[in-house]
Amino acid sequence: MWKKSKVTDQTATGQGGPSEAEQEEEKKAGIKKRSKVPGVMITQFIEVLPEGKSTPDFLRKPIALTIQEGKLAIFKANVCGDPKPEVTWGRAKGDMSDTETFQKKYDEATGEYTLEIHRVSGEEADTYKCYAINEYGKAICTAALNVIEVGFKKKKAMEQLEDIGSVDPAEFRKLLRKRKGVDKEEAVKEPGEIDEKFWEIIMSADRKDYERICAEFGVKDFRVMLKKLSEKKKERQEEQAKYIETINNLKHIDIKGLGIASFEFDLELKDLTSRIFLYKDGVMIPYSDEEEMKHSLKTVGKKLIFSVRDLKAEDAGLYQVDVEEVNLFSTDFKIPTVDFIVKIQEVKAKEREDAMFECVLSHPWPRIKWMGKNATLEEGEKYTITVSEDKLIHRLLIKDCSQLDKGIYSAAAGIKTCSAWLIVEADSDPASHGKKKTRKTTQAGGTGLDLGKLAQEQQEKLAKERQEQIDAANKARAEEERLAREALLAPPPPDTGDGDSGEGGDSGEGKDTGDGKNKSKSGSNKSKDGGKSVGKSVGETKDSEKEEDDKKNKKSTDDSDKCKGTSNYDIDPNANGEGDGDSKGRKGHPGPLIPDAVIGSSLHNDAEKERDDKYKKSTDVSDKGKGASNNDIDPNANGEGDGDSKGRKGHPGPLIPDTVIDPNVKSGTGETEEYIDAAGMHSVRTRQGPLLKDTVIDPNGQSGTGETEEYTDASGKRSESTRQGPLLKDTVIDPNAQSGTEETEQYTDVSGKRSERTRQGPLLKDTVIDPGVQFVSGLSNVHALIGQPAELMCKLSNDNCEGTWYRDSKKLTADDGHIMSRDGANHKLVINRCQEEDSGKYRFEADGRKTEAMLNVEDPPRFDPDDLSAFSQPVIVKVGNSTTFKLPFVGREPMKIQWYRNGEELLDDNTTKIEKSFTQSRLLLSKCQRKDTGEIKIKLKNEHGTMEAISRLIVLDKPTAPQGPVEVLESTASCIHIKWRAPKDDGGCPVINYNLERQQVGRNTWKKLGDIPGVPEYKDNDVEHGRKYCYRIRVVTEEGVSEMMETDDLTAGTLAFPSSPAPPKVASAFNNCINLTWSTPTDTGGSRILGYNLEKRKKGSNLWSPVNPTDEPIQEKKRAVTDVVAGNEYEFRVYAINVSGLSEPSSPSEFIFAKDPKNPPGKVEDLKVADTSYTALSLSWNKPTEEVGVQDEAKGYFIEVRQAECIDWTRCNITPIILTTFTVKSLKAMAMYWIRVIAINDGGEGVPQDLDNYILAMPPPVRPCFTDNKMKSFMVVRAGNSVRILLNFEASPWPEVMWLKDDVPLLKRVNISNSESSSQLLITSSERSDSGIYTIVVKNLVGQESFSVEVRVTDDPKPPGPVELEENVPGTVTVIWEPSPDEKRDDHLHYSVSKRDSTKGSWSTVADRLFNNKFTACNIMPGREYHFRVYAKNDMGMSAPSESPTWGSERRKDTFVVNIPAYKTCDLRTAPAFLVPLRQHTAPKGYECYMSCAIKGNPKPRVTWYRNNISLNTNTNYLITNICGVCSLLILRVTPKDWGEYSIQIESSLGRAESSTKLTVRE
């Protein structure tokens, strides 16, 4: 059972509201201000705040609570303001005088105000208010307390029913009415009240979401809402303009998957130092730029991305982003309650097989987010995503699985996620390795459960829960109606008044003189005895009788001029009747109201009438009767009666009568007035007696008169005040006036009211006062570490001035542990060891001056040096054992603790456990493995800083086996020499020995060769020639022996020939000797090379001849061959020899002549540049001359180039070229290069030949010239069209192009684009001001050229003004006209005159190209009529004509009358109708859809297209046409969102027709 408090801001007397002093403050002028915390109302008492002062505001406001009965409820608030505001608490109903239940506290350390409510019960369910008030303003906020009562408490309810049954029925009706009135009061919402959260959300929302947001908050008046929203947006834009340039691309908060939600927008600040704040439900939350924090801000250029990680249910709420004090963006985050009933499970699939993941949700969800390898998966050829009809079963199908698809896949619904592995097994068939396999039709995966059955059960469960909720609500409503019905049927006791002044006659006419206009619709009841029947009325009558109508709960009251009473009945909307002296058609009120004693007539003013219209109230006060009715209004009721007040709405509770004296009525009479109380409710109150007169002394009037004025207080409430006595006069002395004179002036006070005041006497003279002590330098903000000293210092202008230090407005003394010193004008405050309580605002005051600064004591994470040194030592542990890392720390909470191993964060699992406390953290690693060896790091972070500590973990284990392959260094008949590589992992200990075993192939036993030192090499001399041996090698360390490595079979003394050597190289050649060299073969055959054999062969012969004797191998790798004939050409090859014999011969060498070497060639001749461009240049030269014995013929050439700023030469060709021309490419434009050519022959390279000068990478210099033969020098363009001038030119080097307009540089709106050989001028939308002479100037190093084009931007001329005709000479007519409006701005404008006389039907031009406004036409014949037309012409065309009046007269002829018979006009109008209606459409997703129909109708009907009853005529996503009665709608790209019902409506004055169809989108 719930008891919810009514959320309201109004208070009443005795309900914990503001005190009388606060109410007096409200009477001051008030300025409403906006708080950055939603739901806080700030009132500023004065217009301009003093410097450094501020109104109160809430940094943290109390939040609404829902507490179980008997628990403790705590409201917390933090306020700010200067001076420090006073905080009080109140509640909307009841008082808070019980100090045991309501306890108010304040924490000076945190500045937090709390209200504790102990042992909460249903009586404490209410709206609680917190007030923060200082001398400059006040701030108010509210929070609701909802109490959950334990159980229904049936016994208590039955006891209450028994008590009700024992009471008097009339009293029971009063109780019932009172209870119903209270409930109604709780249900009433303040008129026009809209939650502030609504405005924060809708101001940042898209227009398409307005309807949803309004429905959510119950806003129905869209027009008023949109108007107010426009005003609020305008105010916010003005506020934002102070700090930001632009803000756009707003994206509301959305869940991105894996427990992360984010929202973003583009923001450009005017001041980059402006602070950005993040709020959640009005509470400021810290954020960081590190993505691993709970709330983080990431800035990418202008884009700001706010993220919330590790989402939980409490993260839902309203998020706001502020810059300084201005709100930028608000977004409402709602977390759905969906969860996974069946999560996705691991799937094993084979290659080219399909894999299926499936899950079941607890609530219907349109589409969950699937992710694979941290990437969002979309529907396509690879993935198929399906959802069941009930939206509970979701499936992901991965088609054609491959090894790339294996990994972790996740499903996210709201903030809930689940993950599973996809394992793709490779094909085990070795024959298919490397081949594309055939696609399989089988499918792997699935939970194996009947998901359809689970989903059906869940759907039934949800339906059952909904039905239970509905049944519970219906049952509660039926029980309430039953109790009300039983109470109403109970007979009430008779109620008789005093019979002193009530004679009720049956002659009352029932004429109403008040405002009630209600007429009842059912029968009337008269008093049969001429008296009056009083039921639920309180009054005084002479005679009272009980009528039979009491049984039917119908009462009548006759208020004659002798009867005074009030009626407390509601008006029955279905009752109608008229009677004498009775109250007709009234319905009993279900609860007692304390009647107001009303004497007098009703008071109405304009404001009250407006409120009467707003709340639909009416008041009827008779001249004969004096009374007030507290009845509810039925808007359909209308009745008449004497002395009754009809159509009023009853106040839901008693009103304490006001005692008011009215001077216009006699004492004892009452006067009723209507007003709106603080709760915004329409009420009635009665004054007892006349208004008290105020005694006001008017200088111009008599003493004793009163003056009443109306004003509006700070809360916006309209009130009246009366002055008692005269205004006190101000006594002001004016030096220029006589003593005792008075002067009156008008002024406007703080509230904006215009008043007068009078000075008595002359003004006092001003006295110049010394400004006193000033601050030379004030205090500065200080940041200090906890436990470290901090110093605050300022300097005064006077050395002899004392001062006082304050912290948070509290005076500091030397006893507080602070050292306060003064050195002349310097004042210093020193805190030796800062603590958290030392943080705050420090103020120094001296001689009425003060300076302030903040001391922020920071407490970042810190380690003790000894503990850090011990932690840094490496930890050594054996494999399989456990170890612990522990490190104490200090720092302010909250502290984020993270452990890392080799840069990867550690989390709790089977082998890792992290323990955290306020003072230390411990890492426990169990079952350590060798792979765990590495760096261990702890990272601590809080709001003040970050600290890291590093250690190292070494896990010892056995070494791994030695690494192969085994290399055979030597294999002979007497030994085998092998070598291997050290183990990949020595297990953390160095290698001590290698243990070897040998087995002769063919035997079963292994011979232990023993341990050898830690060198991976062994020579076995105990072998037999031709035998094969196998070796086993193990590694020995302190931790044990590794696994063995077994070698291949090795043969002792086998024939292992060396590989072929490389071809011999010619070192030099002479007529009688050729010198050769060669290299050792890559494979020696496992034995030493004994020597080499060399062979030669003459060119043209097939016979190889040895150079050395075969039994005398060459020991060196070179040989001088002397057995050659001069002039012959030879080639050579070589053999390698080892113990096994000769190798294969090497490849032959190049042919070499046996002749003396040549001399290098000389320099090339006549080197020159043939052609150049920006990227290449062409060279040509002549061969160098030959000189016997000095320089020989050149066989080729190398070309080298270098840039002017470089010193290294670069060859352009790798091999020598034979031609004497070459083109150097890939040059940089306009760069300087040096070029040289080198000749080469067998004797080597010759001397390089350089160009005499550097070369520029550019074409040959060409003076600029324009290449177009037909260039236009004049151009006419219509205004609004584009102007395009393209000119081609030729110039080298690249010229500088400049455009001028009338010899002035162009404006920015003109676009210029240049290329190597052309330039273009473009004006996209021309104006008349663009007319002028455009000149292009092309200039380079050689010269310059220019060309001008006259551009005239004009439009069709406007016609000339009125035309007049004059006759100055007989036979001539002078045509005079007003100039065209375009004449002043178009100097090419001229005029043309045409003439037509009555004898000719055609117009003839009589004058053209007239630049004046007059023309004389000759040969004007009398007796004819002449007409003239004047045209304005320009370069664009001709205007419309201006007609002249008719000149001359024509002989009149008799009128020829033709009698035409009257014809009946045919009515061609037809009502709108469809010739061809719309047909059904089914379109595939992504394709276009075309709908069309044919219509008829005259007049032409108006056509409107609709989709789901929403107009599409203004939607740019649809192409709508109507051509000759064929109406069509085209959707270019169909999406699932286009699914729905489409209709077309045609309408004209004769009727309306409609046709509809459905569009189905096929996936």
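What counts, and where the lines are drawn
- Residues numbered from 1 in each chain as written.
- Predicted model: local features only at pLDDT ≥ 70, side-chain atom pairs only at ≥ 80, totals over all residues.
- Heavy atoms only, no water.
- Helix = DSSP H or I, 4+ residues; strand = E, 2+ residues; numbered from the N terminus.
- Buried < 20%, exposed > 50% of the residue type's maximum accessible area, 1.4 Å probe, protein only.
- Contact = heavy atoms within 4.5 Å.
- Areas by Shrake-Rupley, 256 points an atom, 1.4 Å probe, with all protein chains shown as cover.
- Core = buried A, V, L, I, M, F, W, Y, C linked by side-chain atoms within 4.5 Å.
- Pairing = 2+ DSSP bridges.
- Axes fitted to C-alpha atoms, helices over the stretch in contact; angles between N-to-C directions.
- Phe/Tyr/Trp six-rings, centres within 6.5 Å; stacked < 30°, edge-to-face > 60°.
- Salt bridge = Lys/Arg side-chain N within 4 Å of Asp/Glu carboxyl O.
- Expected span 1.5 Å × (residues − 1).
- Arc of directions from axis to C-beta.
- Polar contact = N/O pair within 3.5 Å; in protein donor to acceptor, adjacent residues only side chain to side chain.
- pLDDT = per-residue confidence, 0-100.
- Disulfide = S-S within 2.5 Å.

Draft legend 1. Spatial organisation of the overall build of the chain. The number of helices and strands found in the chain is nine helices and 108 strands. Taken over 1563 residues, the chain has a buried fraction of 40%. Here the analysis covers contacts within the chain between residues at least 6 apart in sequence; of these, 64% occur between residues at least 24 apart. If you sum the accessible surface of the chain, you get close to 89,700 Å²; carbon and sulfur atoms cover 49% of it.

Draft legend 2. Inspection of the nonpolar core at higher detail. Ranked by size, the top nonpolar core spans 27 residues in total, and within it F58, F75, W89, L115, I117, Y128 and L145 carry the most contacts. Mapped by element, the contributors of at least two residues to this core are β5 (65-68), β6 (73-82), β7 (86-91), β9 (112-117), β10 (126-134) and β11 (137-148). A per-element tally of this core places β11 first, with five residues. Once residues lying within four places of it in the same chain are set aside, the contact partners of F58 are V37, V40, A77, N78, V79, C130, A132, A139, I140 and C141. Counting residues in each nonpolar core, the second largest holds 26 residues, with A261, L269, L278 and L297 among its members.

Draft legend 3. The arrangement of the environment of M1438 in detail. Take M1438: it is sitting in the loop between β98 (1426-1433) and β99 (1442-1443). Here the alpha-carbon distance between M1438 and K1358, two residues 80 residues apart in the chain, equals 8.5 Å.

Draft legend 4. Spotlight on the sheet that holds strand β79 (residues 1221-1224). What the three strands build is an open sheet, ordered β75-β76-β79; its pairing is antiparallel. Either end of the sheet is taken by a strand with one partner, and the two such strands are β75 (1165-1172) and β79. The mean inter-strand angle of the sheet, taken between neighbouring strand axes irrespective of direction, is 20°. The pairing of strand β76 (residues 1177-1182) with β79 spans four bridges and is antiparallel. Across the sheet, L1179 pairs through a bridge with F1222, a residue of β79.

Draft legend 5. Seen up close, the packing of aromatic side chains. A complete count under the given rule lists 24 aromatic pairs for this structure. With a centroid separation of 6.3 Å and 45° between ring planes, the pair formed by F102 and Y128 is classed as tilted. One end of the pair, F102, is in strand β8 (residues 102-107); the other, Y128, is in strand β10, with 26 residues separating them in the sequence. Neither F102 nor Y128 differs from the other in exposure class; each is buried.

Draft legend 6. Geometry of the pattern of salt bridges. As enumerated under the stated definition, the model contains 54 salt bridges in all. With its nearest N and O atoms 2.6 Å apart, the salt bridge here joins E1200 to R1236. Here E1200, found in strand β77 (residues 1196-1203), pairs with R1236, found in strand β80 (residues 1232-1241); they are 36 residues apart in sequence, far enough to count as distant. For the residue pair E1200 and R1236, the accessibility class agrees, reading buried in each case. Salt bridges sharing common partners tie together E1350, R1352, D1386, D1387 and D1435.

Draft legend 7. Structural context of the pairing of strand β43 (residues 790-796). Burial along β43 is one-sided: the face carrying A790, L792, C794 and L796 is buried and the face carrying E791, M793 and K795 is not. Both strand β41 (residues 775-777) and β43 contribute to a ladder of two bridges, which runs antiparallel. Within the sheet, the bridge partner assigned to S777 lies in β43 and is K795. Relative to strand β47 (residues 826-831), β43 runs antiparallel, the two being bridged by six bridges. Residue E791 lies in a different strand from β47, and its bridge partner there is V830.

Draft legend 8. The arrangement of helix α6 (residues 222-240) in detail. Counted at 1.5 Å a residue, the expected span for α6 with its 19 residues is 27 Å, and the 26 Å between its end C-alpha atoms agrees. Considered for burial, the residues of α6 that qualify are M225, L229, K232, R236 and Q240. One side of α6 carries all its buried residues, which in axial view fall inside an arc of 75°. Facing away from the buried surface of α6 by more than 90 degrees, the exposed residues are R223, K227, K234, Q237 and E238.

Draft legend 9. Looking closely at unusual backbone geometry. With omega at 0°, the peptide bond leading from D82 into P83 counts as cis. Checked against the element boundaries, P83 lands in the loop between β6 and β7. The phi dihedral of S1226 falls on the positive side, at around 60°, and the residue is not glycine. Note that S1226 resides in the loop between β79 and β80. Overall, S1226 belongs to the exposed group, its relative accessible area being 72%. One non-glycine residue, D1303, lies in the positive phi region at around 65°. The residue D1303 is located in the loop between β87 (1296-1301) and β88 (1304-1305) in this model.

Draft legend 10. Molecular detail of the sheet that holds strand β106 (residues 1526-1531). The four strands lie next to each other as β100-β102-β106-β105, forming an open sheet whose pairing is antiparallel. Every other strand in the sheet has two partners, leaving β100 (1470-1476) and β105 (1519-1523) as the edge strands with one partner each. Taking the axes of each pair of neighbouring strands and ignoring which way they run, one obtains an average angle of 25° across the sheet. Taken together, the six bridges between strand β102 (residues 1489-1498) and β106 define a ladder with antiparallel strand orientation. Residue pairing for β106: M1491 is matched across the bridge by L1529.

Draft legend 11. Representation of the side chain of S1392 within the structure. Mapping S1392 onto the fold places it in strand β95 (residues 1390-1397). Given the relative accessible area of 2%, S1392 is considered buried. Not counting chain neighbours up to four residues away, the residues in contact with S1392 comprise T1405, A1407, D1408, R1429, V1430, Y1431 and K1433.

Draft legend 12. Structural detail: helix α7 (residues 451-489). Look at α7: 56 Å from first C-alpha to last across 39 residues, which is about the 57 Å you get at 1.5 Å a residue. Taken as a whole, α7 has its buried residues at L451, A455, Q458, L462 and A487.

Draft legend 13. Local environment of the side chain of K280. Locating K280 in the fold gives a position in strand β14 (residues 276-280). Reaching out from K280, the side chain makes a polar contact with the backbone oxygen of A316 at a distance of 3.4 Å. Among residues more than four places away in sequence, those in contact with K280 are I285, E314, D315, A316, L318 and Y319.

Draft legend 14. Local environment of the confidence of the model for the chain. Residues with a pLDDT of 70 or more make up 75% of the chain, whose mean pLDDT is 76. Ignoring residues within four places in sequence, the model shows residues 151-167, a span with pLDDT below 50, making five contacts including any to other chains. Contacts for the low-pLDDT stretch residues 686-712, under 50 throughout, to residues beyond four places or in other chains number 92 contacts.

Draft legend 15. Highlighting the pairing of β8. Two strands pair when backbone bridges link them, and β8 and β9 are joined in this way by six bridges, in the antiparallel orientation. The residue bridging K104 from the neighbouring strand is L115, located in β9. Once β8 ends, the chain turns through four residues before running back antiparallel as β9, passing G111 with a positive phi of about 70°.

Draft legend 16. Structural detail: the environment of E200. Mapped onto the fold, E200 is located in helix α4 (residues 196-202). Judged by relative accessible area, E200 falls into the buried class, the value being 5%. The spacing of E200 and L328 is 128 residues in sequence and 9.9 Å in space, taken between C-alpha atoms.

Draft legend 17. Spatial organisation of the state of the cysteines. Taken as a whole and judged by the stated rule, the model has zero disulfides. With no disulfide of its own, C418 lies closest to C359 among cysteine sulfurs, the gap being 5.5 Å.

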